[in-house]
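Okay, here's what each chain looks like letter by letter:
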Amino acid sequence: MLRPLLPCDSTSAAKMRLFASPFSNNYTIAIVPSSAGHSHVLDMGLKLSKQASSSSGLRIFSQGRDKHRTPSVYGRGARERVLEEKEASLMSETSPSFKIFPGQASPLGVSEVDKGINFAIFSQHATSVTLCLSLPQRGVHERLVGNVIELALDPHVNKTGDIWHICIEDLPRSNVLYGYRVDGPQNWNQGHRFDSNIILVDPYAKLVEGRRYFGDASLKLSKFLGTYDFDSSLFDWGDNYKLPNIPEKDLVIYEMNVRAFTADKSSGLDPKIRGSYLGVIEKIPHLLELGVNAVELLPVFEFDEFEFQRRPNPRDHMINTWGYSTINFFAPMSRYASGGGGPCNASREFKEMVKALHGAGIEVILDVVYNHTNEADDQNPYTTSFRGIDNKVYYMLDPNSGQLLNFSGCGNTLNCNHPVVMELILDSLRHWVTEYHVDGFRFDLASVLCRGTDGTPLSAPPVIRAIAKEPILSRCKIISEPWDCGGLYLVGKFPNWDRWAEWNGKYRDDMRRFIKGDSGMKGSFATRVAGSADLYSANKRKPCHSINFVIAHDGFTLYDLVSYNFKHNDANGEGGNDGSNDNFSWNCGFEGETDDPSIKALRSRQMKNFHLALMISQGTPMMLMGDEYGHTRYGNNNSYGHDTSINNFQWGFLDKQRSSHFRFFSEVIKFRLMHQVFRHENFLSNNEVTWHEDNWDNYESKFLAFTLHDSIGADIYLAFNAHNYYVKVSIPPPPSKRRWFRVADTNLASPDDFVPEGVPGIENSYNVAPYSSILLEAKLT
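Predicted model, so just to flag it, every value in this text is computed and none were measured.

Visitor: An account of the environment of phenylalanine 703 is requested, with residue identities and associated values reported.
Guide: For phenylalanine 703, the location among the structural elements is in strand β25 (residues 703-708). C-alpha separation for the pair phenylalanine 703 and glycine 517, spaced 186 residues apart in sequence, amounts to 9.5 Å. Leaving out residues up to four positions away in the same chain, phenylalanine 703 has contacts with Phe514, Lys522, Glu693, Ala719, Phe720, Asn721, His723, Val727, Val729 and Val768.

In structure tokens form, the structure reads like this:
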């Protein structure tokens, strides 16, 4: 268990002074105790001297502990002398000695070089940068126990351009915590937010140390520091390891949350691995049984789940469980390690998860958040890194007031097309591909990346082009969420360089409206199931560039889509003002839970209709974790702050639905992957689809039937009836030497609702039930 970084009594700080012996451009630093100096408490909860420093710029302090209170000033003075003697004795036994070199400007972050450990950080506008180190004590594994060293960098020696750097010999090769104090201009209206009182996380830190256990309220005020590990051996990916390299048109994506997937007790896992990367490994058999071949992980970059609880506010009861609040773009979420293992174990276990998923033929796509960070707005700032290092570079600012622009809805907007920020993004993406072998990225609110440094939309955003053209990313899937909170809606118009796929928000809306029975949607429904050529047929784009989805993490679950007309977000603490109001949902006749068998049957049909439509559509389908058993959030369409059963996968519910709802969902997915007619490389030609419709302009028509033609005659006939009455439809003649077999009828109970081998006896007509759909396959006689 880690101790929180809480302020301690200033009188318990040991006073130190340092002696530096210059040797050419190098310095050997020896640390000896002294009674000189004056201390005060800073944000990190460490006692740091204002005066104890040498000409080299190095300062060192230790964190003392004394639980006894002395009422008089004389008593305090006596106590200080005792503490000084005690800590001086300790320091004399363990004082480190380092040789300091100017260091090098590349690479940014921490690197191991011939002369030692090199630190490099960018700050264009800083006037001073101080490296802060916390060294491990032998036999002590808690963080920030031991000496805290501060090394002020000399801009004439330790700076190249806008990069500040230093190299230290004989530092431990692991288990060192580090951060930076950065100072600079204090002019708020010019966009500066420097505060040298705060120790900041290195933007290029590959590992970040924070609290060890997710949701540990006793440590919710813990801070975050970078760390590194040059001691561990290289990860063994295995002799037979290979990347799945699944073509985009063949993907079936499963959007999921690493923690929520196994955090619930019903997962049956050891408590030490619930909610962890290793927990995902244990449940790979479920993913295989379902039939998906790609997982899209909600954010796994380091984030602070207690960000809502830093101050009193309407949301201070919530825990951020979705993770859309990045602290660092390189470090895997450390609290997803098993058993409180910390950042190094998190890194290794993430690789084990990727390796295991790849071994099962499942690709790994990361949901990445480069549109904003965790540092909030100017009213309630949470300065952990970028804001304090160089706010004017890292964030978009109003050129007149210097205030943060907000196109993300989260208080700040990353300045993605600034050259330095763009390189940070590219370096981060390359790191996840080369170090962790991930297969792709879904970019949250990606329209932000299409804005210039002043927020103006760009027709050819440099960062979007650079990602598309980056050689290391060439094998990766790159997917945009093509809108932002500033109104830049780019569905079908996202700058793509023939590579970028898009979350197709129009597909979601049109499918919802047609299947729930809205008038005038038949033509749009046909366009969407055919691959949305109206949106993606330009340039060299293909149907697979449309990421088709009905449900995603943000919004109603599939069960709630057919059970609620209105959002029910009171538990979020925002008076029901959060979450979308435009859900295009239908409760099937009753709001929320009901025992009415007819309503429950209708809801079941509607969920199956949505899933069938999604899986037979041209393009790349994506479904949400939990929809395979009918997960409910009880009408909450913005559940980001609930680390409870509202978000957590309920394995007991899955077991109850395994032979019915789950079976249907699994069989439909597998049927899609077995039939090429659903996965065309190019948009459908007239020879590949026949629309059994001569009444497209009938606004009240809510029935659509069509046949997908197979090159060998294994045609597929589909009909969707969104009317509230039966439709008797004429079935076209099957191809030569074949006859129709019924594979799916969502009006039937399991197991008759989906029979993969097909049921014979289909004549020249079929009575399609209200709010239901059918699938027929032409088989050889």
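Visitor: Please set out the packing of helix α9 (residues 505-515) against helix α13 (residues 597-616) residue by residue, giving values where relevant.
Guide: Taken N-terminus to C-terminus, the directions of α9 and α13 make an angle of 140°; their axes are 11 Å apart at the nearest point. As summarised for this structure, α9 and α13 are arranged oblique, according to the angle between their axes. Two packed elements cross with a definite hand, and for α9 against α13 that hand is right-handed. Along its contact with α9, which presents Tyr507, Met511, Arg512 and Ile515, the element α13 presents Gln606, Asn609, Phe610, Ala613 and Leu614. A per-class count over the contact of α9 with α13 returns six nonpolar, two polar and one charged.

Visitor: With reference to specific residues and values, describe empty space enclosed by the protein.
Guide: Counting across every chain of the model gives seven cavities of 30 Å³ or more. The space that makes up the largest cavity amounts to roughly 130 Å³. Lining the largest cavity we find 17 residues, and of these Ala260, Leu624, Met625, Arg633 and Asn647 sit closest to its centre. In terms of residue class, the lining of the largest cavity is built from nine nonpolar, six polar and two charged. In terms of lining, the second largest cavity is formed by Val550, Ile551, Leu558, Phe610, His611, Leu614, Met622, Met623, Leu624, Asp627 and Phe665. Of all the elements in the fold, those that place two or more residues in the lining of the second largest cavity are α13 and β23 (620-624).

Visitor: Explain the nonpolar core to me, using residue names and the numbers behind them.
Guide: If you look at soluble globular proteins, the nonpolar side chains tend to sit buried side by side. Grouped together as the largest cluster of nonpolar side chains are 168 residues, with contacts concentrated most on Phe119, Tyr254, Leu366, Phe441, Phe443 and Ile467. Broken down by element, the residue count for this core peaks at nine residues, all from α13. Per-domain counts for this core show at least three residues from each of domain 1 (100-229) and domain 2 (689-780). Core analysis: the next-biggest nonpolar cluster, separate from the first, contains 18 residues, Ala294, Val491, Leu535 and Ile547 among them.

Visitor: Residues and numbers for the pattern of salt bridges, please.
Guide: The final tally for this structure, using the stated rule, is 37 salt bridges. Between arginine 442 and aspartate 444 there is a salt bridge, and its shortest N-O distance comes to 3.2 Å. A single burial state applies to arginine 442 and to aspartate 444, both of which are buried. Its salt-bridge partner being lysine 608, residue aspartate 753 comes within 3.1 Å of it at the nearest N-O pair. Separated by 145 residues along the polypeptide, aspartate 753 in the loop between β28 (738-745) and β29 (754-759) and lysine 608 in helix α13 bring together distant segments of the chain.

Visitor: Give a description of the packing of α13 against helix α15 (residues 661-674) that names residues and reports values.
Guide: One way to put it is that α13 packs onto α15 with a least axis distance of 9 Å and a crossing angle of 15°. Comparing their axes, α15 and α13 come out roughly parallel. Regarding α13 and α15, the two cross each other, and that crossing is right-handed. Where α13 approaches α15, its residues Met607, Lys608, His611, Leu612, Leu614, Met615 and Ile616 are matched on the opposing element by His661, Phe664, Phe665, Val668, Ile669 and Arg672. Residue composition of the contact of α13 with α15, grouped by class: nine nonpolar, two polar and two charged.

Visitor: Outline the layout of surface pockets, listing residues and values.
Guide: Considering only enclosed or pocket space, the largest pocket measures out at about 1,600 Å³ in volume. In terms of lining, the largest pocket is formed by 48 residues, of which the most central are Ser408, Cys410, Cys485, Asp554 and Asn638. Broken down by element, the residue count for the lining of the largest pocket peaks at three residues, all from α9. Of the residues in the lining of the largest pocket, the class split is 15 nonpolar, 17 polar and 16 charged. The computed volume of the second largest pocket comes to approximately 930 Å³. Forming the walls of the second largest pocket are 33 residues, and the residues nearest its centre are Lys206, Leu207, Asp229, Ser347 and Glu435. Mapped by element, the contributors of at least two residues to the lining of the second largest pocket are β7 (109-113), β13 (174-183), β14 (207-209), β15 (225-229), α5 (342-359) and α7 (419-434). Broken down by element, the lining of the second largest pocket gets its largest block of residues, seven residues, from α5. Of the residues contributing to the lining of the second largest pocket, the split by class is 15 nonpolar, ten polar and eight charged.

Visitor: Could you give an account of the side chain of aspartate 367, with specific residues and numbers?
Guide: By the secondary structure assignment, aspartate 367 is in strand β18 (residues 363-368). Within the structure, aspartate 367 has its side chain in polar contact with the side chain of tyrosine 324 (distance 2.4 Å). Ignoring any residue separated from it by four or fewer positions in sequence, one finds aspartate 367 in contact with Glu255, Glu296, Leu297, Leu298, Pro299, Tyr324, Arg442, Asp444 and His553.

Definitions and limits used
- Residues numbered from 1 in each chain as written.
- Predicted model: local features only at pLDDT ≥ 70, side-chain atom pairs only at ≥ 80, totals over all residues.
- Heavy atoms only, no water.
- Helix = DSSP H or I, 4+ residues; strand = E, 2+ residues; numbered from the N terminus.
- Contact = heavy atoms within 4.5 Å.
- Axes fitted to C-alpha atoms, helices over the stretch in contact; angles between N-to-C directions.
- Parallel < 35°, antiparallel > 145°, perpendicular 65-115°, else oblique.
- Left-handed = near helix turned anticlockwise from the far one by under 90°.
- Nonpolar A, V, L, I, M, F, W, Y, C, P; charged D, E, K, R; others polar.
- 1 Å grid on protein atoms, 1.4 Å probe; cavity = no way out; pocket = protein on both sides within 12 Å on 5 of 7 lines; lining within 4 Å.
- Points joined across faces, edges and corners; volume = space filled by probe spheres on them.
- Core = buried A, V, L, I, M, F, W, Y, C linked by side-chain atoms within 4.5 Å.
- Buried < 20%, exposed > 50% of the residue type's maximum accessible area, 1.4 Å probe, protein only.
- Domains from an automatic or database assignment.
- Salt bridge = Lys/Arg side-chain N within 4 Å of Asp/Glu carboxyl O.
- Polar contact = N/O pair within 3.5 Å; in protein donor to acceptor, adjacent residues only side chain to side chain.

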